[in-house]
Amino acid sequence: MLPHLEKRLEEYEETIQEEILLKWEQIRGKIPDRIKSLEQWINQKQTQLEEEEDFETSCLLNSQIAELASIINDLWIWYRI
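This report concerns the structure included in the present document.

What counts and what doesn't
Residues numbered from 1 in each chain as written. Predicted model: local features only at pLDDT ≥ 70, side-chain atom pairs only at ≥ 80, totals over all residues. Heavy atoms only, no water. Salt bridge = Lys/Arg side-chain N within 4 Å of Asp/Glu carboxyl O. Buried < 20%, exposed > 50% of the residue type's maximum accessible area, 1.4 Å probe, protein only. Helix = DSSP H or I, 4+ residues; strand = E, 2+ residues; numbered from the N terminus. Contact = heavy atoms within 4.5 Å. Core = buried A, V, L, I, M, F, W, Y, C linked by side-chain atoms within 4.5 Å. Lys, Arg positive; Asp, Glu negative; His and termini not counted. Polar contact = N/O pair within 3.5 Å; in protein donor to acceptor, adjacent residues only side chain to side chain. Expected span 1.5 Å × (residues − 1). Bend = angle between axes of the 7 residues up to and from the residue.

Two side chains carrying opposite charge are able to pair once their charged atoms lie near each other. Overall, the coordinates contain 2 salt bridges when judged by the stated rule. Arg8 is the salt-bridge partner of Glu10, the closest N and O atoms lying 3.3 Å from each other. By the burial criterion, Glu10 is exposed, and Arg8 matches it. Residue Arg28 pairs with Glu25 through a salt bridge whose shortest N-O separation is 3.4 Å. Here Arg28 pairs with Glu25, and both are found in helix H1 (residues 14–51), just 3 residues apart, close to one helical turn.

Time to look at the side chain of Ser58. Among the structural elements, Ser58 can be located in helix H2 (residues 55–80). Discounting chain neighbours no more than four positions away, the residues touching Ser58 are Leu49 and Glu52.

Further remarks concern the nonpolar core. Judged by nonpolar contacts, Trp24, Ile27, Ile31, Ile35, Leu38, Ile42, Ile65, Leu68, Ile72 and Leu75 together constitute the single largest core of 10 residues. Breaking this core down by element, the ones donating at least two residues are H1 and H2. In this view, Leu75 contacts Ile31, Arg34, Ile35 and Leu38; residues no more than four positions away in its chain are not counted.

The next thing to look at is the side chain of Lys45. Mapped onto the elements of the fold, Lys45 is located in helix H1. For Lys45, which is buried and forms no salt bridge, the nearest opposite charge comes from Glu52, at a distance of 11 Å. In terms of polar contacts, Lys45 uses its side chain to reach the side chain of Gln64, at 2.9 Å.

A few words now on H1. Helix length check: H1 (38 residues) gives 56 Å between terminal C-alpha atoms against 56 Å at 1.5 Å per residue, within 8%. Ile31 marks where H1 bends most, by close to 30 degrees; the proline Pro32 follows one to four residues later. Of the residues making up H1, those classed as buried are Trp24, Ile27, Ile31, Ile35, Leu38, Ile42 and Lys45. Residues of H1 that are buried make contact with H2.

See the structure below:
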């Protein structure tokens, strides 16, 4: 889940700002666990790729690995915000 605000954070009342920030911190706290899970999927797909002999399947696995790596990259960006 990513935050989606209809206006700038500063435009909300202070209590609402606090609620938003608390919710974001709860979401943000789950990001490292999600990254770890995605890394495990990547490792599984890399193991499959090492053993795969079919070119088309290898390309598919490579594509899946790249997509998971992109998601991890995005999550790290959100985690640092």
